[in-house]
Amino acid sequence: MPYPLFALTNLLAKKGRSLGLAAAVAFAVMIVVTLAVTSSGLEQSATAIISIAKANFAVAQKGVSDLLSSTIDASERARIAKVPGVARAVGVLVATEKINAENPVFIEIGINPSDLGPFGVTILAGHAFAADATNQCMLGWRAAANLGLHVGSKFAADGTVNTVTGIYSTGNSFGDSAAMFPLTAEQAYNRLPGIVTLVFVKVAHGYSVSAVERAIDYRLPELTTIRTASQFGRADRTLVYLKAAVTGSTILAVLIGAIIVGNTMLLSVFERTRELGLLRAVGWTRRRIVGLILTESLVLAVVGAGIGVGLSFAVSAILENVPALVGILHAHFTQGAFWRALLTALGMTIIGGLYPATRAALLAPLKALSYE
Amino acid sequence: MSDPSSSPVTAPPSRQAQSGARFAVELCDVVKRYPGGVVALDHIDLAIAEHEFVAVTGPSGCGKSTLLHLVAALDHPTSGTVRVNGQDLTTMRDLSSFRRHEVGLVFQLHNLLPRLSVLANIEVVMYGTHRSSRARRERALELLSEVELSGLEYRLPTQLSGGERQRVAIARALANEPRLLLADEPTGNLDPDAAQRIMDLFEKVNADGMTVLLVTHDEKLATRADRIVKMKAGRLAG
Ligand SMILES: Nc1ncnc2c1ncn2[C@@H]1O[C@H](COP(=O)(O)OP(=O)(O)O)[C@@H](O)[C@H]1O
Ligand SMILES: [Mg+2]
C-alpha cells in the first residue's frame, strides 16, 4: 500500500469527522474566495470605466475615496491637453443614478458628441445627441435591451424625460450597460459646471506613453494617471480599504479554521495513541509520524478547497441577485482566486495540523503502547 | 534444538567479547528504576550469543518486559550499558532506525493496526526503507507464506484468530530482516495448540539464523528454547 493511501485510510476510518473537517475548511475557503472574487468584481467594475475608452490612460484626482468622486476642472483639463505628447484629452463626467430597483447604480456618462468617436463609441442605431441638448441621451445596447427601450423612446433620467436619439456600443459590457448624455447637461444636473471625472488621454505618435504619464504626474501633482487595475489604488481609497478588509477577513478565517482543524486532529491523535506508539515502536521516525498527520491534513485541505470553490460559485451567484446588491456586486473569478482557495485551505490545515502532529511525534512509544 | 539449560551466562560480557565470541545482546550491570521508585532490574548482567534462542521466564512483575524493552531500545536503563548487535544503545542517537532495522518486535496484544489489512500491517514497517511500493508488497506476501497465512492477505485483524494475529505480528517483525527477534508473552493469550505453532515458528526462524529472545511466564513453553534465563524480583535467578 502506498504511503499516502495509509493516511487516507485513517481519514476514511472516521468518515463523519473527516467530512466535518473538510466542511469547515470548505466554509472558510468559501468566505475567503467569495470576498476575494466579489471585491475583484468591484475593482473590475471601477476599472471598466477606464477601459471603456480607446485611450492610453486616464487621469483622475489623486487620493479620492472612490473613483467616481474624482473632480477635474476646466483649467486642469486645459493643462493636461497642453502637455507635450498629448494628442487628445477627452473629459467625461461619470455619475450614477437609481433608475429602478434592478438598476440601483445606473452609470451615466456625460460626454461631448464630438468626443464620441475618439472615446471609442460606435453608434448602432439613430444618431448622437446635440451638444447643447437638455433632454436627449443615448443608451448602450445592453442598457437598451435591459430597459426595453429603443431609438425614439422616452427615458426618465437626469431629472428630466429624455428622448433616446441613438443606441451605441463600446465593446465593453460596462460601457454598454450605461447611458450617455451631453456633457453640459450632465454637469448641470449634477451641479458640477465645468467639472469632469476623468480625462482620457491619447498619446501622439512618436511619444512614449509612460513619459507622457510622468509629465502629467509631475505638472499636475493633485492628479494621478491610471493605466491598470493595480494602479487603481492610487486614486480609489475605498478599494484600498476594501482590499485591506478582505485580507483581514482572510487571516481571520484561516486562524479560525486552523483552530477547528487543530482541535479535531488533536482528538484524533489522542484516540490513536496506541497505534502511533506501535508505529514508533516498530521503527517509524518522529518525522514520519509528523508526515502522516500532515498528509492527512493535506488531503483535507485539497478536498475542502475544492468544495469551498464550488460553494463560492454558488454563493456569489446568489449574492449577485440579491436585490440590494444587483448591479453593484459582480463576481469575477480569476486564476488567482483558485490559488487563494488552495492557499487558504493549506494554511489552515498545516497551521492547524502542526501542533497535533508534534504531539503525535513526541508520544513515548512505551507509554503509548500501554495506553488504554 | 540442543538441550535447554537453565544456567544463565552471567560472566561479564566485556571479557566474553574480548575472548572473541559474538553477542547479539550484552547487558552490563543494568539497573532500571522507575520514577515511582520500583527497581525493576537490579544489577543485571546477561549475554546472548548470536543465533541463540533464549527464553526469559519468571513470575509476573519480576522485570521480564522491562528487560525486553531495554533491548528493544524502547526505554533507557537507569545505569549500566545495553549493547545489541555490537552497538551501545545508551549512546545511540537514531533509535528509530535501530528499531526498524536491527530488531523485530512481537507483543502480547495490540500488535496490529485495526483498520489495515494483514498485508498492509506488514508493509507499514517498510515505509522509509530502500524498498519500493511493489517490493514492499512482494516482501509482505513472501513473509505471509513463511508464517503460513497465504490467502488471508486482505483480512482485517478482527477477522483473524489470536494465533493468526500473532503470526502476522511475527511476519511484520521479520520484514526488515533484523538480526534479533524480541517477543514479549507472544503466546499469553493463545490456547496451547496455537501457542505450540508460534513456538514452531520461532524455532524455524532460529534455525534460519535469527537470534530469538522470548519472554514468557510459561515454563513449559520455555523449554523449547536453547537456554532458559530465570528472573526473580529484578535479578537473574540461578
Ligand atoms: N512504567 C512503569 N512505571 C512504574 N513501574 C513500572 C512500570 N513498568 C513496570 N513497572 C514495575 O516494574 C516491575 C517489573 O515490571 P515488568 O517488567 O512489566 O514485569 P514482568 O513483565 O516480568 O511482569 C513491576 O513491579 C512493575 O509494576
Ligand atoms: Mg510483562
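Structural notes, computed from the coordinates. Remember, it's a predicted structure, so these values are computed and weren't measured experimentally. (Residues numbered from 1 in each chain as written. Chains lettered and ligands numbered in written order. Predicted model: local features only at pLDDT ≥ 70, side-chain atom pairs only at ≥ 80, totals over all residues. Heavy atoms only, no water.)

1. A few points about the sheet that holds strand β2 (residues 39-49) of chain B
All names here are of chain B. This is how it is decided: Here, a strand pair is defined by DSSP locating no fewer than two bridges between the strands. Only DSSP runs of H or I with at least four residues qualify as helices, and only runs of E with at least two residues qualify as strands; both kinds are numbered from the N terminus onward.
What the four strands build is an open sheet, ordered β2-β1-β4-β5; its pairing is antiparallel. Taken across any chain shown, the strands that pair with only one partner, and hence form the sheet edges, are β2 and β5 (87-88). Two elements, strand β1 (residues 23-33) and β2, share seven bridges in a ladder whose sense is antiparallel. Residue pairing across strands places L27 opposite L46, the latter belonging to β2.

2. What about the side chain of N10 of chain A?
Cut-off, in case you're wondering: Any residue under 20% of the maximum accessible area for its type is buried, any over 50% is exposed, and the rest in between are partly exposed; the area is computed with a 1.4 Å probe on protein chains only. Contacts described as polar in this section are N or O atom pairs within 3.5 Å, which, within protein, must combine one atom able to donate a hydrogen with one able to accept it, while residues neighboring in sequence count only if both atoms come from side chains. Should any heavy atoms of two residues lie within 4.5 Å, those residues are considered in contact.
The topology assignment puts N10 of chain A in helix α1 (residues 3-13). Given the relative accessible area of 8%, N10 of chain A is considered buried. Polar contacts involving the side chain of N10 of chain A include one to the side chain of E296 of chain A, which spans 2.9 Å. Once residues within four sequence positions are removed from consideration, N10 of chain A is found in contact with R272, L292 and E296 of chain A together with R115 of chain B.

3. Regarding unusual backbone geometry
Residue and element names in this part refer to chain B. Of note in this structure, E148 is not a glycine but carries a positive phi near 60 degrees. Here E148 shows up in the loop between α5 (133-146) and α6 (162-174). Phi angles above zero are rare outside glycine, and E177 is one such case at about 50 degrees. Considering the arrangement of structural elements, one finds E177 in the loop between α6 and β7 (180-184).

4. Observations regarding the pairing of strand β5 (residues 136-140) of chain A
Residue and element names in this part refer to chain A. With respect to burial, β5 is a largely interior element, four of its five residues being buried. Here five bridges tie β5 to strand β7 (residues 160-169), and the two strands are oriented parallel to one another. Considered in β7, the bridge of Q136 is made with T163. Pairing of β5 with strand β8 (residues 179-182), which is carried by two bridges, proceeds in the antiparallel orientation. The residue of β8 that forms the bridge with L139 is A179.

5. Overview of the pairing of strand β6 (residues 103-106) of chain B
Residue and element names in this part refer to chain B. On β6, burial covers both faces: V103 and L105 on one face and G104 and V106 on the other are all buried. Bridging between β6 and β7 involves four bridges; their strand directions are parallel. For G104, the partnering residue across the bridge sits in β7 and is L181.

6. Structural notes on the site of ligand 1
Residues and elements named next belong to chain B. To keep things clear, this is the line we draw: Nearness here has a simple test: a residue counts as near a molecule or strand if at least one of its heavy atoms is within 4 Å of that partner.
For ligand 1, the full set of nearby residues is Y34, V38, A40, P59, S60, G61, C62, G63, K64, S65 and T66. Here an oxygen atom of ligand 1 and a backbone polar atom of K64 are 2.9 Å apart. Within the side chain of T66, a nitrogen or oxygen atom sits 2.5 Å from an oxygen atom of ligand 1. Examining the composition of the shell around ligand 1, we find that three residues originate from one element, helix α2 (residues 64-71), more than from any other.

7. A closer look at α5 of chain B
Threshold: Helices are assigned an expected span. That span is 1.5 Å times one less than the residue count. Directions are taken from the helix axis to each C-beta atom, and the arc is the one they span.
Given a rise of 1.5 Å per residue, 14 residues ought to cover 20 Å, and the 20 Å separating the end C-alpha atoms of α5 of chain B matches this to within 8%. Of the positions making up α5 of chain B, those classed as buried are R136, R139, A140, L143 and L144 of chain B. For α5 of chain B, the angular spread of the buried residues around the axis is 140 degrees, confining them to a single face. Buried residues in α5 of chain B make contact with α1 of chain A together with α4 (118-123) and α6 of chain B. In the stretch just after α5 of chain B, E148 of chain B is the one whose phi turns positive, near 60 degrees.

8. Quick look at the packing of helix α11 (residues 286-320) of chain A against helix α12 (residues 335-362) of chain A
Residue and element names in this part refer to chain A. Quick note on the threshold: Interaxial angle, 0 to 180 degrees, is taken between N-to-C directions of lines fitted to C-alpha atoms, where a helix line uses only the stretch in contact. An angle below 35 degrees is read as roughly parallel, one above 145 as roughly antiparallel, one from 65 to 115 as roughly perpendicular, and any other as oblique. The handedness criterion is simple: a crossing whose near helix is rotated anticlockwise from the far helix by less than a right angle is left-handed, and one whose near helix is rotated clockwise is right-handed. In this count, Pro and Cys sit with the nonpolar residues alongside Ala, Val, Leu, Ile, Met, Phe, Trp and Tyr, while Asp, Glu, Lys and Arg are called charged and the others, Gly among them, polar.
Relative orientation of the contacting elements α11 and α12 amounts to 150 degrees, with a least axis distance of 7 Å. Comparing their axes, α12 and α11 come out roughly antiparallel. In this structure, α11 crosses over α12, and the sense of that crossing is right-handed. Here the contact of α11 with α12 is built from residues that sort into 21 nonpolar, three polar and one charged.

9. As for the side chain of S169 of chain A
Residue position: S169 of chain A is located in strand β7. If we skip the residues at most four places from it in the chain, S169 of chain A touches G120, V121, T122, L124, W141 and D176 of chain A.

10. What to know about the pattern of salt bridges
Oppositely charged side chains can form a pair if their charged atoms are brought close together. Residue and element names in this part refer to chain B. The cut-off we apply is this: Between Lys or Arg on one side and Asp or Glu on the other, a salt bridge is scored when a side-chain nitrogen of the former is within 4 Å of a carboxyl oxygen of the latter.
What the rule picks out here adds up to 17 salt bridges over all chains. We note a salt bridge from D75 to K32, for which the minimum N-O separation is 3.3 Å. Of this pair, D75 sits in the loop between α2 and β4 (79-84) while K32 sits in strand β1, and the two are 43 residues apart along the sequence. Take D75: its relative accessible area is 21%, and that puts it in the partly exposed class. Among the salt bridges present, the one from R224 reaches D200, with a minimum N-O distance of 2.5 Å. Residue R224 is located in the loop between α8 (219-222) and β9 (227-232), and its partner D200 is located in helix α7 (residues 192-207); the two are separated by 24 residues in the primary sequence. For R224, a relative accessible area of 18% gives the class buried. Each member of the salt-bridge network shares a partner with another, and the members are R22, E50, E102 and R179.

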